[in-house]
Amino acid sequence: MRTLFVHIGLPKAGSTSLQHFFMTNRALLERQGVAYPAAGAYHHQVAQHVWARALKGPRYQYYWIEPDDARYHVDALQQELLDHIAASPCPTVMLSAEELWHPAIPPKLADAFADGPWTTKILIYARRQDHLLLSAYNQCVKTLDPRVVDREHVESLEVLVRDELASTRPFFALYPTLRDYAERFGRDNVLVRVLEREQLVNGDLFDDVLSVLGLRPDDRLERPKRLNASLPQQLIDVVDQLNRRSTLPRGPQLSFNYRLRHLAEMMPLQDYAPLSAARRREILARFEDDNARVAQEFLDRSDGRLFFEPWPDPNEAWAPPPALTPELMTRAVARLWEAEDARTRALREKLAQRQQELGGCER
Amino acid sequence: MRTLTLHVGTHKTGSTSLQAFLLQNKARLADRGYDYPTEGCYCWPRSGHSPLAHALAGTRPAWLDPARVIPGRVECVQAIRRRIEQVGAPHVLISTEHFFTHVPPQVLRQTFDGLGYHLRVLVFLRPQDEFLESRYAQSVKVGRCQQSFESFVQEQLADRTSYGHYLPPLRRLAAAFGPMNLLLRTFRSQQPRTRLFSRFLEAVGLDLDDDFILPEARNASLPAELTRTLAALQAQIEGEQVRRASLNRWLLEANRPPAFPDSETRLLSPEAAQRIMACFEEQNAEIARSFLGRKELFAPSGRSTWPVAAPPTLEQLADAAIHLWFGMHQEQQQLREQLRRLRAPRTNDGPVLENNGDPGD
């Protein structure tokens, strides 16, 4: 019996790193019996994001995909993916898309894969909610995409935290969605791993996922560099301010944001804690029971301890984040211009060189 | 009496507009007996006789391409003198504000002596508060100035040889050409543009009639908020003036971000403007007495209050950043497209250009 692993996130819990790992080592993993389908319209960049977004619903799809394009219709994507899975000789298949972390997905995924000649295993890496919320907010700012937390709009970190705490089904409440997956795929087929160094095999995310796949650590497998890393909070503030003022179309705006991330390498920027220890404890308290049920039911931990990291010390010194200043923004704009100027000059030189080469050839 | 009038500026008193006016009306002036010579190496039509001033001073403009050869002093002087002699017009008009700052009056006089013309010097002066604001804005615009407006003003006031001290150079001009041949006029920023042209023509003995064509406004003032923003950005950029000036390209004129509309604001508060004028009060009174036979050099402006430009806000800086980046992004796209076209027919080996690193989504 083949095994189909579906890695569903969480968003902001190492997904991009894992996907790069699968993608970079695709050929080698395939020789070890693990396929990572990537050759169809269902795939974008390093994972099966297009398919996962289509499964979630049209409003979640990439902006550059025409809604009427039949190639990207959910059924077409689904069929293409199933065909590629069927065509693979590997006993194990890995799929990965953090967009699959959504309450609406378990029944859809069950429909998609229930009849296949394989056992479907749902893999999730859990991360503590105080870290998740901060990281997810930063991702919303970086990618201009509040859909990271399944929202239309995220006004601020504080609003995101407030809404999440007040929600009857918070986006990062693990238990309800995992229960839904367990009901459809079987409790034993929902594999919960915890993104904490001391809970990962060899303290390493990649060794950990290899162990899930039944593979040993292998030096030949390339480890991606740190990807989609968090930005210093001051840079998040700069990007946020620029996003708020921008009326650029989505494509250029994303390119702009991508450039802005590199400011972290060009100027000193402070990274401060936007949430106080007290606020983080409130978040953890909100999810405490939920996390305990996950630990008990999915990890057989009678003590209900899902995360080992100690809660923040309530007496920890903390000051409210400093406001973004025009001085910092001025420095950021100057560095941005310098980087773009260098890029433009390099292109001009390349063009001049090419023109010279062609002129030389013609002579 | 044949006259040769040297319009010597000063800077920031509409010289560029005047030179455009003279160039555009060259034929009309000639019909009236006034020659405005522009055909030789001594003149760049868009900026008057500045090559002559630079040749006489042995300098070259900072913005000029270092590879460009400019005429030397002898060549330039011979060319202008030959031209004036050949045309033999009843009156000659020469104009560049660089005469005031670059050329010793005696040298200027010698350049045009012996041609059979009565030499006169026409000078426009602007109240120093307005002059300093305008001079600062221009310096920022061309990437020459990285300091704040406040420190620029302080520096200018402390330096007794700085530009706003009009009296010493006027005395030198008077000594070289004779006080009676020094024609002083005042310039104010709020005056109608036609007044500049009519004052100029009146000084050289003409009227601004309907035959004259008025040029389009050029070298227009920047909104004070944009000047402050550019100065703040340039203070962060190391390297040569030309590099800083290239940043401005993305934020000036047609590229000006909408966050910086034309405005009535000034860099100086009314109080600061008064303080500056007080520093020059005695000197201006001396100029008025000596060269105009009156008490006051500048008539009161009639404007005692105005809004003052604040330092750049986060919103303005953000708008500037977005505007700047998008302009550069579009240029880069065009360059990539040109490169792609050059490569396409010759190679057949996959993607033409490396991915530019954009994430897509």
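This is a predicted model, so every value here is computed, not measured.

Asker: Sorry if this is basic, but what is going on with the overall build of chain A here?
Answerer: The number of helices and strands found in chain A is 13 helices and five strands. A compact globule built from 363 residues should have a C-alpha radius of gyration of about 21 Å, and chain A, at 22 Å, falls within 12% of that. Each of the three principal axes of chain A carries a C-alpha extent, and together these read 70 × 60 × 45 Å. A separation of at least 24 residues holds for 77% of the contacts in chain A among residues at least 6 apart in sequence.

Asker: Would you mind going over the sheet that holds strand β4 (residues 118–126) of chain A with me for this structure?
Answerer: Two pairing modes exist for strands in a sheet, parallel and antiparallel, and in both the strands are linked by backbone hydrogen bonds. Residue and element names in this part refer to chain A. The strand order across the open sheet built from five strands is β2-β3-β1-β4-β5, with neighbouring strands paired in parallel fashion. If you trace the sheet from one side to the other, it starts and ends with β2 (34–35) and β5 (190–194), each paired once. Pairing geometry for β4 and β5, over five bridges, is parallel. Residue Leu123 lies in a different strand from β5, and its bridge partner there is Leu191. Packing of helix α1 (residues 15–24) onto the sheet brings it into contact with β1 (2–7) and β3 (92–96), and relative to β3 it is tilted by some 140°.

Asker: Any chance you could explain the sheet that holds strand β2 (residues 34–35) of chain B here in plain terms?
Answerer: Residues and elements named next belong to chain B. Across the sheet, which stays open at both edges, the five strands sit in the order β2-β3-β1-β4-β5 with parallel pairing between neighbours. Taken across any chain shown, the strands that pair with only one partner, and hence form the sheet edges, are β2 and β5 (182–186). Of the pairings in the sheet, the one linking strand β1 (residues 3–7) to strand β3 (residues 91–95) comprises five bridges and is parallel in character. The partner of Thr5 across the bridge, within β3, is Leu93.

Asker: I keep staring at unusual backbone geometry and nothing clicks. Help me out?
Answerer: In most cases, non-glycine residues show a negative phi, while peptide bonds are predominantly trans. The peptide bond linking Gly9(A) to Leu10(A) adopts the cis configuration, its omega dihedral lying at 0°. With respect to the helices and strands, the residue Leu10(A) is situated in the loop between β1 and α1. In this structure, Thr10(B) follows Gly9(B) across a cis peptide bond, with omega equal to 5°. As for its placement among the helices and strands, Thr10(B) is situated in the loop between β1 and α1 (15–24). Of note in this structure, Gln45(A) is not a glycine but carries a positive phi near 60°. In this structure, Gln45(A) sits in the loop between β2 and α3 (49–56). At Lys12(B), a residue that is not glycine, the phi angle is positive and equals roughly 65°. With respect to the secondary-structure elements, Lys12(B) resides in the loop between β1 and α1. C-beta crowding within 10 Å serves as the criterion here: with 24 such atoms nearby, Lys12(B) is assigned to the buried category.

Asker: How should the interface of chain A and chain B be read in this particular structure?
Answerer: Note: interface size is frequently given as the accessible area lost on complex formation between the parts. With 36 residues of chain A at the contact, the number on the chain B side is 34 residues. Elements with a contribution of two residues or more to the side of chain A that touches chain B: α10 (233–245), α11 (250–261) and α13 (326–362) of chain A. Among the elements that take part in the side of chain A that touches chain B, α13(A) stands out by supplying 20 residues, more than any other. Each residue belonging to the side of chain A that touches chain B can be placed in one class, and the counts come to 19 nonpolar, seven polar and 10 charged.

Asker: Teacher, can you tell me more about the packing of α11(A) against helix α15 (residues 314–343) of chain B here?
Answerer: Two quantities define a packed helix pair, namely the angle between the helix axes and the distance between the axes. Interaxial distance between α11(A) and α15(B) falls to 11 Å at its minimum, and their mutual angle equals 105°. It follows that α11(A) is roughly perpendicular to α15(B) by the angle criterion. Between α11(A), through Pro252(A), Ser255(A), Phe256(A) and Arg259(A), and α15(B), the contact on the second element is made entirely by Trp325(B), Phe326(B) and His329(B).

Asker: What am I meant to see in the nonpolar core here?
Answerer: The tendency in soluble globular proteins is for nonpolar side chains to be buried as a group. Ala126(A), Leu133(A), Val238(A), Val333(A) and Ala321(B) are the most contacted members of the largest nonpolar core, which has 125 residues in total. Examining the composition of this core, we find that 10 residues originate from one element, α15(B), more than from any other. Every residue in contact with Ala126(A), bar those within four places of it in the chain, is listed here: Leu10(A), Ala13(A), Leu174(A), Val192(A), Val194(A), Leu195(A), Val294(A) and Leu306(A). Grouped together as the second largest cluster of nonpolar side chains are 44 residues, Leu6(B), Leu119(B), Leu125(B) and Phe200(B) included.

Asker: It is not clear to me how helix α9 (residues 205–212) of chain A should be interpreted in this structure. Could you clarify?
Answerer: Of the positions making up α9(A), those classed as buried are Leu205(A), Phe206(A), Asp208(A), Val209(A) and Leu210(A). Of the surrounding secondary structure, the elements contacted by the buried residues of α9(A) are α1 and β5 of chain A.

Asker: Hey, could you run me through the pairing of β1(B) in this one?
Answerer: Consecutive residues of a regular strand have side chains that alternate between opposite faces of the sheet. All names here are of chain B. Counting buried residues in β1 gives four out of five residues, a clear majority hidden from the surface. As judged from the five bridges shared by β1 and strand β4 (residues 118–125), these two strands associate in the parallel manner. Its bridge partner being in β4, Leu4 is matched across the sheet by Leu119.

Asker: Could you clarify how one ought to interpret the environment of Met266(A) in this entry?
Answerer: Residue and element names in this part refer to chain A. Here Met266 lies in the loop between α11 and α12 (277–299). Note on Met266: 14 C-beta atoms within 10 Å, which makes it partly exposed. Taking the C-alpha atoms as reference points, Met266 and Glu198, separated by 68 residues in sequence, lie 34 Å from one another. Here Met266 is in contact with Arg335 and Ala339, once residues within four sequence places are set aside.

Asker: I would appreciate a short explanation of helix α3 (residues 50–57) of chain B in the present structure.
Answerer: Because an α-helix packs 3.6 residues into every turn, residues spaced three or four apart end up facing the same way. All names here are of chain B. When you tally the buried positions in α3, you get seven out of eight residues, the bulk of the element. Within α3 the residues assigned to the buried category are Ser50, Pro51, Leu52, Ala53, His54, Ala55 and Leu56. A positive phi of about 70° marks Gly58, the residue just after α3.

Conventions adopted
- Residues numbered from 1 in each chain as written.
- Chains lettered and ligands numbered in written order.
- Predicted model: local features only at pLDDT ≥ 70, side-chain atom pairs only at ≥ 80, totals over all residues.
- Helix = DSSP H or I, 4+ residues; strand = E, 2+ residues; numbered from the N terminus.
- Rg over C-alpha atoms; globule rule 2.2 N^0.38 Å.
- Contact = placed C-beta atoms within 7 Å.
- Pairing = 2+ DSSP bridges.
- Axes fitted to C-alpha atoms, helices over the stretch in contact; angles between N-to-C directions.
- Buried ≥ 20, exposed ≤ 12 C-beta atoms within 10 Å, placed from the backbone.
- Nonpolar A, V, L, I, M, F, W, Y, C, P; charged D, E, K, R; others polar.
- Parallel < 35°, antiparallel > 145°, perpendicular 65-115°, else oblique.
- Core = buried A, V, L, I, M, F, W, Y, C linked by C-beta atoms within 7 Å.

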